[in-house]
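Structural description and commentary
For reference, the chains in residue letters:
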Amino acid sequence: MFKKETYIARREQLRKDIGHGLIIIPGNHEAPCNYKDNTYWFRQDSTFLYFFGLQREDLVGVLDCDSGKDYIFANDYDIDDIIWTGPLPSVKELAASVGVDNSGDLKDLAEYCCKTVAESRRVHYIPPYRSDITRQLSELLGIKYAAVNRYASMDLILACVKQRAVKSAEEIEEIEKAIATAYNMHVGAMKMAMPGRYEYELAGFMEGEAWKGNGPVSFPVIMTVHGETLHNHGHNNRLEVGRMLVMDAGCETAMNYCSDITRSVPVGGRFNDRQRSIYQIVLDANLEAARVTRPGITYKEVHQAASRVLAQGYKDLGILKGNVDDIVAAGAHSLLMPHGLGHMMGLDVHDMENYGQINVGYDNETRPSEQFGLGSLRCGRRLLPGYVITDEPGCYFIPALIDKWHAEGTCKDFVNFDELEKWKDFGGIRIEDDILVTDNGCRVLGKPIPKTIAEIEQVMNN
Ligand code: GLY
Ligand code: MN
Ligand code: MN
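Let me begin by describing the structure that accompanies this report. (Residues numbered from 1 in each chain as written. Chains lettered and ligands numbered in written order. Predicted model: local features only at pLDDT ≥ 70, side-chain atom pairs only at ≥ 80, totals over all residues. Heavy atoms only, no water.)

The next thing to look at is the site of ligand 1. The environment of ligand 1 is made up of Phe-219, His-231, Asp-248, Asp-260, His-343, His-350, Glu-392 and Glu-432. With respect to ligand 1, the side chain of Glu-392 contributes an N or O atom lying 2.9 Å from an oxygen atom. Computed on the free molecule, ligand 1 has an accessible area of 190 Å², of which 93% lies beneath the protein chains in the complex. (Near = heavy atom within 4 Å. Polar contact = N/O pair within 3.5 Å; in protein donor to acceptor, adjacent residues only side chain to side chain. Areas by Shrake-Rupley, 256 points an atom, 1.4 Å probe, with all protein chains shown as cover.)

Following this line, the structure appears as structure tokens:
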């Protein structure tokens, strides 16, 4: 946990931004895996973590904007729990540890909510993403289950985005801890990427390294020689020379701040000519994005700057043809990168996306595109100092997509389909860093993880 003053200040700001009414921030419950007491790893809700910092299950945080009082509600453990769990702090003690003076049990919470509704005071909550929390809000507020999301508070969503998007120095320090662990995950796996090994051995190694950093992985590890499938979660392939191995993995710190890093390496440790040429194009796009990222630019513009580098590279290879700006305007390069350049990152690996991607990745002035590829950009908004975003261009030869575009003649003035046929067995490459927007540019966060062709070959052959 950060010191309690951090959480006090965050809650004060939120109450001020919302002005009137009651803000309810439910923490998560345990989630049973196959029977009640065999649960998945507990993950606290990130909004709750941001404002209350507490890791216990079943807590509910309440901010009363009219009285200025904050509350934690939950039932205390009794001896029947404690014989299994050992001694645990009371709800009152937990509340005090994060500067909350008021606490109560779940019956008190129900009464408080009833009274608030009876007084016709506005109640603010974030749209829930778990059915148990939807049911809890439905019962507390007397709203039908199916209507809970409809009554969620856009004011609260926007106030939370405003605060959480700009990371403080202590948050950056946590994110860099998560990247330090990701360094160990990635460099260790690079050294293991030798023929005869299986993807699951490397994926398992990465999970172990994440736990050595005292947290889980921040999303299921992507470790695949079929990187052309963007989020390939299968791990059963044997590594063979000639394949590129895409490793997209990060971890959470004990406080749940995330890292999200991708490296792509040639199995066996030496790039062949084809791998070298595609890798360098993607790396140049990744570097171009970091070169132009600064406050005031939109991430949509950064995506397009990286796209021009990709288009130029494919044109030089003979895969695309025509004027680079025309290629990018038509979206022809998206055949080889059907996703966006990046997303925000923080307490969630895709930070705050439970608030609705449009509310987080876009602002009033910047709207999502409808074009294939650019339309998948998760973050297109104008950047401010303190934003943490991923810079993750890629190149994917997706046979089914290539065949579809070819058959339909999509972007046929810009795509050399005969040349592209030769690349359909290549697989994919992605390179991903986590970057911080600074006052006059940006900084790639964390200890640098080998990224150039020379650095990767050096690590893999040592
Ligand atoms: N790890 C998923 C992503 O890079 O967005
Ligand atoms: Mn990733
Ligand atoms: Mn990412």
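We now examine the pattern of salt bridges. Opposite charge on two side chains allows them to pair when their charged atoms are near. With the rule as written, the count across this model stands at 31 salt bridges. Between Asp-70 and Arg-11 there is a salt bridge; the shortest N-O distance is 2.7 Å. Highlighted residues: Asp-70 in strand β5 (residues 70-73) and Arg-11 in helix α1 (residues 4-18), separated in sequence by 59 residues. Here Arg-11 falls in the buried class, since its relative accessible area comes to 0%. A salt bridge links Glu-365 to Arg-382; the nearest nitrogen and oxygen atoms lie 2.3 Å apart. (Salt bridge = Lys/Arg side-chain N within 4 Å of Asp/Glu carboxyl O. Helix = DSSP H or I, 4+ residues; strand = E, 2+ residues; numbered from the N terminus. Buried < 20%, exposed > 50% of the residue type's maximum accessible area, 1.4 Å probe, protein only.)

Membership of the largest hydrophobic core comes to 130 residues, with the highest contact counts inside it found for Leu-14, Leu-245 and Phe-397. Ranked by the residues each element gives to this core, the list is headed by helix α8 (residues 169-192), at 11 residues. In this structure Phe-397 touches Glu-228, Ile-278, Ile-319, Leu-336, Ile-402, Leu-420, Trp-423, Lys-424, Phe-426 and Gly-427, once residues within four positions along its chain are discounted. Listed in part, the 19 residues of the second largest apolar core include Leu-141, Ala-147, Val-148 and Ala-152. (Core = buried A, V, L, I, M, F, W, Y, C linked by side-chain atoms within 4.5 Å. Contact = heavy atoms within 4.5 Å.)

Its 13 residues give helix α5 (residues 106-118) an end-to-end C-alpha distance of 18 Å, which sits within 8% of 18 Å, the value for a rise of 1.5 Å per residue. Taken together, the buried positions of α5 are Leu-109, Tyr-112, Cys-113 and Thr-116. In a view along the axis of α5, the buried residues occupy a sector of 95 degrees, so they form one face of it. Pointing more than 90 degrees away from the buried face of α5 are the exposed residues Lys-107, Cys-114, Lys-115 and Ala-118. Looking at the packing, one finds that the buried side of α5 touches β1 (22-26), β4 (60-64), β5, β7 (123-124) and α6 (131-141). Between the side-chain oxygen of the N-cap and the backbone nitrogen of Lys-107 there are 3.1 Å, and the N-cap of α5 in question is Asp-105. After α5 finishes, the residue Ser-120 shows a positive phi value of roughly 55 degrees. (Expected span 1.5 Å × (residues − 1). Arc of directions from axis to C-beta.)

Let us now look at the sheet that holds strand β10 (residues 261-266). Ordered in space as β8-β9-β10, the 3 strands form an open sheet in which the pairing is antiparallel. The two strands at the open ends of the sheet, each matched to only one other strand, are β8 (222-224) and β10. Strand-to-strand twist of the sheet, defined as the mean angle between neighbouring strand axes without regard to direction, takes the value 10 degrees. Pairing analysis gives 6 bridges linking strand β9 (residues 244-249) to β10, with the strands arranged antiparallel. Considered in β10, the bridge of Ala-249 is made with Ile-261. Sheet strands in contact with α8 are β8, β9 and β10, and its direction is about 15 degrees off that of β10. The sheet strands contacting helix α9 (residues 199-212) are β8 and β9, and the helix crosses β8 at an angle near 155 degrees. (Pairing = 2+ DSSP bridges. Axes fitted to C-alpha atoms, helices over the stretch in contact; angles between N-to-C directions.)

Before going further, it helps to examine unusual backbone geometry. Of note in this structure, Ser-120 is not a glycine but carries a positive phi near 55 degrees. Relative to the helices and strands, Ser-120 resides in the loop between α5 and β7. Not every positive phi belongs to a glycine, and Met-352 is a case in point at roughly 65 degrees. Mapped onto the elements, Met-352 comes out in the loop between α12 (324-330) and α13 (357-361).

On to the side chain of Thr-366. Relative to the helices and strands, Thr-366 resides in the loop between α13 and β11 (388-391). Setting aside anything within four residues of it in sequence, one finds Thr-366 in contact with Thr-298, Lys-300, Gly-380, Arg-381 and Arg-382.

At 2.0 to 2.6 Å from the manganese ion (ligand 2) lie its protein donor atoms, namely Asp-248 (OD), Asp-248 (OD), Asp-260 (OD) and Glu-432 (OE). Relative to the metal, the 6 donor atoms surrounding the manganese ion (ligand 2) lie at angles of 54 to 166 degrees, and the coordination shape comes out irregular. Considered as a linear motif, the donors of the manganese ion (ligand 2) on their single chain read D-x11-D-x171-E. (Donors = N, O, S within 2.8 Å, 3.2 Å for Na, K, Ca; no water. Tetrahedral: all angles 85-135°; square planar, octahedral: opposite > 155°, others 65-115°.)

Distances from the manganese ion (ligand 3) to its protein donors, Asp-260 (OD), His-343 (NE2), Glu-392 (OE) and Glu-432 (OE), fall at 2.0 to 2.2 Å. Considering all 6 donor atoms around the manganese ion (ligand 3), angles at the metal cover 50 to 160 degrees and the coordination shape is irregular. Linear spacing of the donor residues for the manganese ion (ligand 3) on their chain is D-x82-H-x48-E-x39-E. The manganese ion (ligand 2) is placed at 3.2 Å from the manganese ion (ligand 3), the two being bridged by Asp-260. Here Asp-260 is found in the loop between β9 and β10, whereas its partner His-343 is found in the loop between α12 and α13, with 83 residues between them in sequence.

Moving on: the packing of aromatic side chains. The final tally for this structure, using the stated rule, is 14 aromatic pairs. Aromatic pair Phe-2 and Tyr-257: ring centres 6.0 Å apart, planes at 50 degrees, arrangement tilted. In this pair, Phe-2 sits in the segment before α1 while Tyr-257 sits in the loop between β9 and β10, placing the two residues 255 residues apart along the sequence. Like Tyr-257, Phe-2 is buried. Both rings, one in Tyr-71 and one in Phe-73, keep their centres 5.5 Å apart while their planes meet at 5 degrees; by these two values the pair is stacked. The buried category is assigned to Tyr-71, whose relative accessible area is 14%. Among the residues examined, Phe-73 registers a relative accessible area of 3% and is labelled buried. Taken together, the aromatic side chains of Phe-2, Tyr-7 and Tyr-257 make up a single cluster linked through ring pairs. Its guanidinium or amino end placed over the ring of Tyr-183, Lys-447 lies 4.0 Å from that ring's centre, counting from NZ or CZ. (Phe/Tyr/Trp six-rings, centres within 6.5 Å; stacked < 30°, edge-to-face > 60°. Lys NZ or Arg CZ within 6 Å of the ring centre and 35° of its normal.)

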